[in-house]
Structure formats: C-alpha cells, structure tokens
Amino acid sequence: MIIKKQLVSSRKAPKPSYSYLIEKKRDDGEFLDDEIRYVVDSILDEKMPKYQQAAWVMAVYFQGMSAQETASFAEEMMLSGEVLELTRISRPKVDKYSTGGVGDKTSLVLGPLAAAAGVAMPTMNGVDEEFLISNLQKLASIPGFSKKCDLEGFLEQVKTVSCAFVEQHEDISPVDTILYELRQKIGAIPCIPLITASAMSRKFAAGAESLVVDVKWGNGSFIKDPDEARQLARSMTRVARSLKRRCVALVTDMNQPLGDSVGTALEIKEAIELLKGGGPADLKELVLKLGMEIVRLAGVAGSTLSAKQTVQRHLEDGSALEKFKEMVAAQGGQTDCIDDPEKFPMAKHVRKLPAPKRGYVHTINAAMIARGVHMLAFDEKGKKLDASAGVSELKKVGTQMKQGEPLMMIHYNHEDRLETALEYLKTAYRLAPKRPNPAPLVVERVA
C-alpha cells in the first residue's frame with residue numbers, strides 16, 4: 001500500500017487573473033481544465049484572496065458547471081492532497097456517500113455488512129454527510145471509540161478489518177475542506193456541481209474505486225425538492241463516469257425520520273438491532289437496497305436476487321455484527337455494550353409525547369424532530385453532547401393514533417432543556433382523519 005503525495009503547486013499552469021476567471025463564470029463561460037487547476041492550486045498555495053475565492057464560488061453557485069468542468073474540479077481537488085492507493089487490498093473497494101438525513105444510521109450498518117460480504121469500505125466521514133448529529137458523534141457513544149486515525153493506521157484497518165469509519169483526514173482533499181468552510185459562511189452549500197465535486201474528490205482520494213450514493217430529499221434533508229435530488233443523483237453518476245469510476249445513486253424520501261429513534265446512543269442501539277437481524281422496517285429496507293448496490297458494484301453478486309440474498313444472509317447469520325465489533329475494537333471501542341446494549345448511556349428521565357387527538361399520522365417534519373433532539377442533547381454552547389438524550393418509538397406516517405397515545409418517547413437528563421425541545425417536537429406531527437397514501441422510500445435509481 002502506498003500513500004501518494006500530489007505536488008500540485010509544482011505543476012505549470014496558465015496565469016489568468018482571478019478577476020478574469022470570476023467574470024468568465026459570471027457570464028456563463030466554461031472553464032478550461034488548466035483554469036480549474038490554476039484556481040485549485042492558488043487556493044492550496046494561499047495565493048487567491050478569500051474574497052475572490054468567495055466570488056468564484058458564488059459565480060459557480062449561480063451559473064453552475066458542466067459535467068466535464070465538475071469532473072475536472074473533482075479531480076484537481078482530489079490531487080490537492082494525499083491519494084490513498086489500496087492496490088494491495090485484493091477486495092473491491094466501494095464506499096457510500098449520503099447527503100445526510102434525520103435518523104439515518106445506514107452507513108454504520110453498511111460498512112460492516114459490506115466487509116462481511118467480501119467488500120472493503122474505506123469510509124472517511126465528511127461534515128456534509130451530517131444532519132445536526134453526525135455518525136461519528138453517534139459512534140462516540142461507544143466507550144473508548146476513537147474517530148481519529150492517521151493515514152497509515154486507516155490503511156491498515158481497511159486491510160485487516162475491511163471497514164473503517166473515521167473523520168476526514170486533513171491531508172485528504174484539503175482544498176475541498178477550505179472551500180466547504182467558505183461555502184458554509186456565504187450560503188453556497190446547496191450547489192449541485194460543488195456538492196458533486198466535493199464528494200467525489202474525498203471519496204476517491206480515500207481509496208474508493210466505486211461509489212453508492214444516497215441522495216435524500218424532503219423536510220429532513222437540506223435538499224427540499226425531489227427534482228433537485230434527481231439532478232444531484234444524475235450529476236454524481238455522470239461525473240463518476242467521467243472520472244472512470246462506477247457509481248449508482250438512489251434518491252430516497254426523507255420526509256420523516258429513518259428508523260424509530262433519533263439521537264446518539266439510541267441510534268447506535270438501533271443499528272446494532274439491525275445487525276442482529278431485527279430493526280425497524282424502513283431502515284432495514286434502505287440498508288437492504290443500498291447493500292445490494294454495493295455488492296453488485298463490487299462484483300460480489302451478479303443478479304438482483306443474488307445481491308438480495310447475499311445482503312440478507314450476512315445480516316441474519318451474525319457475520320455483519322462480528323465485523324462491526326471488529327471495527328469498533330480496532331478503533332479503541334469497548335465491544336461489551338454491543339452484546340449488551342443496556343450498557344449504553346441511559347437518560348434519567350423518559351416521558352411520552354401524547355397525541356393531542358385521534359387520527360392518522362399524516363405528516364412528520366423530521367427537521368423539527370432533529371432540532372428538538374439537538375436541544376435535548378447539546379449544552380447552550382452547542383459543544384458538550386449528552387449521548388443518552390433523544391427520542392425513540394417514533395410513530396410513522398400512516399399510523400392510527402388514539403388521543404393520549406405516545407407519538408414518541410423522549411429521553412432526557414436536563415429539565416431546563418425539555419420545554420424548548422417540546423416546542424419543536426410537538427409541532428413535528430400533524431394528524432388527520434384519513435390515512436395518507438404511503439410514499440415510496442426509494443424514489444428513483446440512477447446508474
């Protein structure tokens with residue numbers, strides 16, 4: 001295994017002015033590969049002023065990029081740091097990217113599931129894959145678990161365990177890190193070419209050969225429009241193809257939380273339940289469908305039926321659970337709580353949120369639930385996280401409710417946080433006299 005350092009700053013590139021490049025995109029021009037390389041090199045070398053970086057990003061935000069521009073941008077950002085070579089790992093290397101959603105713990109299951117099925121999954125989790133509470137924060141509820149790993153350690157773990165789940169290393173696509181922080185400050189996060197290039201640069205720099213993408217849309221995602229989600233899914237697959245990589249994208253519904261719980265320890269316990277063959281039906285369905293795409297891209301399974309049987313077998317026979325334990329142990333975590341989930345942190349108080357009237361659950365605002373959980377779990381400064389706080393036993397869209405029946409169970413330790421959280425949680429549910437037509441979890445498959 002080799003870690004290859006790309007010396008981008010030493011490459012020759014044309015020297016147009018930054019103003020020219022900003023104006024070119026402002027006027028809907030298309031960048032040449034050398035111009036994109038020059039911008040990336042200038043950001044890495046700190047030669048391009050921040051105000052011009054911001055102007056360049058906003059020009060792209062409003063005018064967009066072609067598939068070729070986006071592919072070139074993704075490749076140059078990938079080459080701005082370390083590129084991990086996993087050629088000594090004989091297994092196919094497939095990673096998964098998600099735009100983030102409320103209650104989404106699928107990645108925590110898919111890593112060990114893929115490893116059990118003969119696939120290596122080298123996962124470095126980026127901040128763009130979060131929705132208020134990240135997967136790494138959830139894993140941190142396991143005592144001793146470390147999210148940090150140097151590149152050599154990451155490579156070794158992928159080689160021996162076949163999966164790792166760590167935070168993005170500072171040497172992986174550093175220009176993307178710079179630009180993502182800038183995009184957050186100037187309101188340029190929801191931009192399809194920038195999202196695409198960001199994800200591709202990081203995932204392929206970290207050693208993935210192929211990629212499965214979960215593009216979520218709805219009130220529990222930052223993508224609110226299903227057409228925009230479809231556009232992003234198509235952008236991902238086209239750009240991957242331009243980079244000579246394989247990619248499949250699923251557009252999935254995030255208009256209610258995924259699974260029955262939202263929090264940190266509560267979600268980890270739900271992921272463990274799924275790895276033991278149980279778990280909520282919607283979470284199991286999405287893990288099954290994403291897992292099928294992973295094993296098919298890897299060539300482990302050919303037909304749809306074979307892929308389904310492979311995924312189901314490793315969920316039911318305990319092999320995926322054992323891989324999860326291996327991953328946790330490799331990253332310093334205590335595995336006894338996986339065998340006995342009661343050892344996870346538990347809140348002092350649990351109370352129900354009663355339904356205000358009879359009816360069917362018609363809609364759920366997942367973002368409101370996420371904000372309510374955030375109020376329960378974080379201190380005033382938003383830094384210290386209470387791993388035991390959250391909500392469980394969430395009633396799903398279409399459930400018939402009697403007045404006073406619990407819509408959810410609220411787990412908390414701090415009374416002073418509860419009232420503010422309840423303001424969000426109470427407004428999340430809308431009941432109606434008639435049962436709504438259920439929306440499909442997977443809206444579209446793009447390959």
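The following paragraphs examine the structure supplied in this document.

Cut-offs applied
- Residues numbered from 1 in each chain as written.
- Predicted model: local features only at pLDDT ≥ 70, side-chain atom pairs only at ≥ 80, totals over all residues.
- Heavy atoms only, no water.
- Axes fitted to C-alpha atoms, helices over the stretch in contact; angles between N-to-C directions.
- Helix = DSSP H or I, 4+ residues; strand = E, 2+ residues; numbered from the N terminus.
- Left-handed = near helix turned anticlockwise from the far one by under 90°.
- Contact = heavy atoms within 4.5 Å.
- Nonpolar A, V, L, I, M, F, W, Y, C, P; charged D, E, K, R; others polar.
- Pairing = 2+ DSSP bridges.
- Parallel < 35°, antiparallel > 145°, perpendicular 65-115°, else oblique.
- Salt bridge = Lys/Arg side-chain N within 4 Å of Asp/Glu carboxyl O.
- Buried < 20%, exposed > 50% of the residue type's maximum accessible area, 1.4 Å probe, protein only.
- Right-handed = clockwise from strand over helix to strand, strands pointing away.
- Expected span 1.5 Å × (residues − 1).
- Arc of directions from axis to C-beta.
- Phe/Tyr/Trp six-rings, centres within 6.5 Å; stacked < 30°, edge-to-face > 60°.

### Quick look at the packing of helix H2 (residues 33-44) against helix H4 (residues 67-78)
Part 1 of the argument: Running from amino to carboxyl end, H2 crosses H4 at an angle of 40 degrees, the nearest separation of the two axes being 9 Å. Here the hand of the crossing between H2 and H4 comes out right-handed. In contact with Asp33, Ile36, Arg37 and Val40 of H2, H4 contributes Gln68, Glu69, Ser72, Phe73, Glu76 and Met77.
Part 2 of the argument: Residue composition of the contact of H2 with H4, by class: four nonpolar, two polar and four charged.

### Details of the sheet that holds strand S8 (residues 262-263)
Part 1 of the argument: Taking strand neighbours across the sheet as the criterion, the four strands line up as S8-S11-S13-S9 in an open arrangement whose pairing is antiparallel. Edge positions in the open sheet fall to S8 and strand S9 (349-354), since each of these has one partner strand only.
Part 2 of the argument: Relative to strand S13 (residues 406-412), S9 runs antiparallel, the two sharing six bridges. The partner of Arg351 across the bridge, within S13, is Ile410.

### Re the packing of helix H1 (residues 18-26) against H2
Part 1 of the argument: Between H1 and H2, whose axes approach to 11 Å, the crossing angle comes to 125 degrees. As the angle between them shows, H1 and H2 are arranged oblique. Like other packed secondary-structure pairs, H1 and H2 cross with a definite hand, here left-handed. Of the residues in H2, those touching H1 at Tyr18, Tyr20, Leu21 and Lys24 are Glu35, Tyr38, Val39 and Ser42.

### Thoughts on the pattern of salt bridges
Part 1 of the argument: By the definition in use, this model includes 25 salt bridges.
Part 2 of the argument: The partner of Asp104 in a salt bridge is Lys216, with the nearest N and O atoms 3.9 Å apart. Taken together, the residues span a long stretch of sequence, with Asp104 in the loop between strand S3 (94-98) and helix H5 (106-116) and Lys216 in strand S6 (residues 210-217) at a distance of 112 residues. A single burial state applies to Asp104 and to Lys216, both of which are buried.
Part 3 of the argument: With its nearest N and O atoms 3.0 Å apart, the salt bridge here joins Arg234 to Glu444. With Arg234 in helix H10 (residues 226-242) and Glu444 in strand S15 (residues 442-446), the pair connects residues that are 210 residues apart, well separated along the chain.
Part 4 of the argument: Connected through shared salt-bridge partners, Lys105, Lys138, Glu267 and Glu270 make up one network.

### Some words on the pairing of strand S7 (residues 246-253)
Part 1 of the argument: In terms of burial, S7 is a largely internal element, seven of the eight residues being buried.
Part 2 of the argument: With eight bridges connecting them, S6 and S7 associate as parallel partners. Its bridge partner lying in S7, Lys216 is registered against Thr252.
Part 3 of the argument: Handedness of the crossover is the feature at issue here: the chain leaves S6, passes through H10, returns alongside S7, and the resulting connection is right-handed.
Part 4 of the argument: Inspection of the sheet shows S7 paired to S15 by four bridges, in the antiparallel sense. Its bridge partner lying in S15, Thr252 is registered against Val442.

### So, unusual backbone geometry
Part 1 of the argument: The phi dihedral of Lys244 falls on the positive side, at around 65 degrees, and the residue is not glycine.
Part 2 of the argument: With respect to the helices and strands, Lys244 occurs in the loop between H10 and S7.

### Description of the sheet that holds strand S10 (residues 359-364)
Part 1 of the argument: Ordered in space as S12-S10-S14, the three strands form an open sheet in which the pairing is antiparallel. At either end of the open sheet lies a strand with only one pairing partner, and these are strand S12 (400-401) and strand S14 (429-432).
Part 2 of the argument: Relative to S12, S10 runs antiparallel, the two being bridged by two bridges. If you follow Gly359 over to S12, its bridge partner there is Met401.

### Looking at helix H13 (residues 304-316)
Part 1 of the argument: Taking 1.5 Å as the rise per residue, H13 with 13 residues should run 18 Å; its terminal C-alpha atoms sit 18 Å apart, in good agreement.
Part 2 of the argument: If you check which residues of H13 are buried, you get Ala307, Thr310, Val311, His314 and Leu315. Buried residues of H13, viewed axially, fall in a sector of 125 degrees; they line one side. Counted as exposed and oriented over 90 degrees from the buried face of H13: Leu305 and Glu316.
Part 3 of the argument: The secondary structure elements touched by the buried residues of H13 are H5, helix H11 (265-275), helix H12 (281-298) and helix H14 (319-330).
Part 4 of the argument: Backbone geometry just after H13 places Gly318 at a positive phi near 90 degrees.

### Some details on the packing of aromatic side chains
Part 1 of the argument: Taken as a whole and judged by the stated rule, the model has four aromatic pairs.
Part 2 of the argument: Summarising the aromatic geometry, the rings of Phe31 and Trp56 are spaced 5.7 Å apart at their centres and angled 20 degrees between planes, so their arrangement reads as stacked. Note that Phe31 is positioned in the loop between H1 and H2 and Trp56 in helix H3 (residues 50-63), a separation of 25 residues in sequence. Just as Phe31 is buried, Trp56 falls in that class too.
Part 3 of the argument: Seen in terms of ring centroids, Tyr61 and Phe62 are 5.1 Å apart; in terms of plane orientation they differ by 90 degrees. Their pairing is edge-to-face.
Part 4 of the argument: For Tyr61, a relative accessible area of 26% corresponds to the partly exposed category.
Part 5 of the argument: On the basis of relative accessibility, which here comes to 62%, the residue Phe62 falls in the exposed class.
Part 6 of the argument: In textbook terms, an aromatic cluster arises when at least three aromatic residues are bridged by ring pairs, as seen for Phe31, Trp56 and Phe73.

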